Every structure is written in structure tokens, then in C-alpha cells.
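Letter by letter, the chains look like this.
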Amino acid sequence: MAVTRQHVEATLKSKLNPSHLDVVDTSGGCGASFSIEIVTEQFEGKRLLERHRMVNAALVEELKQIHALSITKALTPEQWKQQEDKNSQASA
């Protein structure tokens, strides 16, 4: 059975408890490729590579069926807030 966007979301929510999560199936619905944007307090004090490893570890079973996983953003809540503030100032 193919991995679904909802399945990836549920797994990440249960294991990493994100305050923001955006999962996009970039494979056209077949579940072979996903893009992820995730914000969680569990990333505090972690380098980007460690954050990506945490996401990969959370999705270890799903990755057996997924062809490509792109983690576009892996931020702490504070980094997310700073980015949102910067974006709102740029559009003002």
C-alpha cells in the first residue's frame, strides 16, 4: 500500500509534535515523493543535519516505500516566528 500525505502527517505529529506542519505529495498522488515543512520545539539546540535525521528517523518505516523526501524547512518555533515576521514586513 502506498504512503499517503495523511499518513506522513500523522506519523510526524505523533513523533515530533510540530506546531506547524506542511506535507505535500509531490508525486502526483502515488505517494512516492513528499516535500515537508516542519516546526517543532524538539529541534531546539539541534543543527540542521540533526533535525533532518530526526525527521528521517520518525519516518523510518515510511521511507522504505518513499522514493524522495525533501525537507524544505526544519525550524524551531522561534525561527518560524522570525521568518513570519520578516515575511510580513517585506509584504507591508
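Residues numbered from 1 in each chain as written. Predicted model: local features only at pLDDT ≥ 70, side-chain atom pairs only at ≥ 80, totals over all residues. Heavy atoms only, no water.

- An unreviewed UniProt entry lists the chain under the name Protein BOLA2, from Sesamum indicum.
- For the chain, the Sequence similarities (unreviewed entry) comment in UniProt is given as "Belongs to the BolA/IbaG family." (UniProt positions renumbered as here; feature names shortened; annotations may be inferred.)

### Remarks on the environment of serine 27
No. 1: Mapped onto the elements of the fold, serine 27 is located in the loop between strand S1 (20–25) and strand S2 (33–39).
No. 2: Through-space distance from the C-alpha of serine 27 to that of alanine 68 is 9.0 Å; in sequence the pair is 41 residues apart.
No. 3: Among the polar contacts listed, one links the side chain of serine 27 to the side chain of aspartate 25, at a separation of 2.4 Å. (Helix = DSSP H or I, 4+ residues; strand = E, 2+ residues; numbered from the N terminus. Polar contact = N/O pair within 3.5 Å; in protein donor to acceptor, adjacent residues only side chain to side chain.)

### What about unusual backbone geometry?
No. 1: Backbone geometry places asparagine 17, a non-glycine residue, at a positive phi of 45 degrees.
No. 2: Relative to the assigned elements, asparagine 17 resides in the loop between helix H1 (5–16) and S1.

### Examining the pairing of S2
No. 1: Here S2 lies mainly inside the structure; seven of its seven residues are buried.
No. 2: Side chains Ser33, Ser35, Glu37 and Val39 of S2 all project onto a buried face; the interleaved residues Phe34, Ile36 and Ile38 project onto the opposite face, where all are buried too.
No. 3: Relative to strand S3 (residues 68–75), S2 runs parallel, the two being bridged by seven bridges. In the strand pairing of S3, valine 39 is matched with leucine 75.
No. 4: Handedness of the crossover joining S2 and S3 through helix H2 (residues 48–58): right-handed. (Buried < 20%, exposed > 50% of the residue type's maximum accessible area, 1.4 Å probe, protein only. Pairing = 2+ DSSP bridges. Right-handed = clockwise from strand over helix to strand, strands pointing away.)

### What to know about the pattern of salt bridges
No. 1: In this structure the tally under the stated criterion is four salt bridges.
No. 2: Its salt-bridge partner being glutamate 37, residue lysine 73 comes within 3.9 Å of it at the nearest N-O pair. With lysine 73 in strand S3 and glutamate 37 in strand S2, this residue pair connects regions lying 36 residues apart in the sequence.
No. 3: Using a relative accessible area of 26% as the deciding quantity, one classes lysine 73 as partly exposed.
No. 4: The partner of lysine 81 in a salt bridge is aspartate 85, and the shortest N-O contact between them spans 3.1 Å. Here lysine 81 and its partner aspartate 85 are both found in helix H3 (residues 77–91), four residues apart, which amounts to about one turn of the helix.
No. 5: Exposure remark for lysine 81: the relative accessible area of 46% places this residue in the partly exposed category.
No. 6: Assessed through its relative accessible area of 34%, aspartate 85 is described here as partly exposed. (Salt bridge = Lys/Arg side-chain N within 4 Å of Asp/Glu carboxyl O.)

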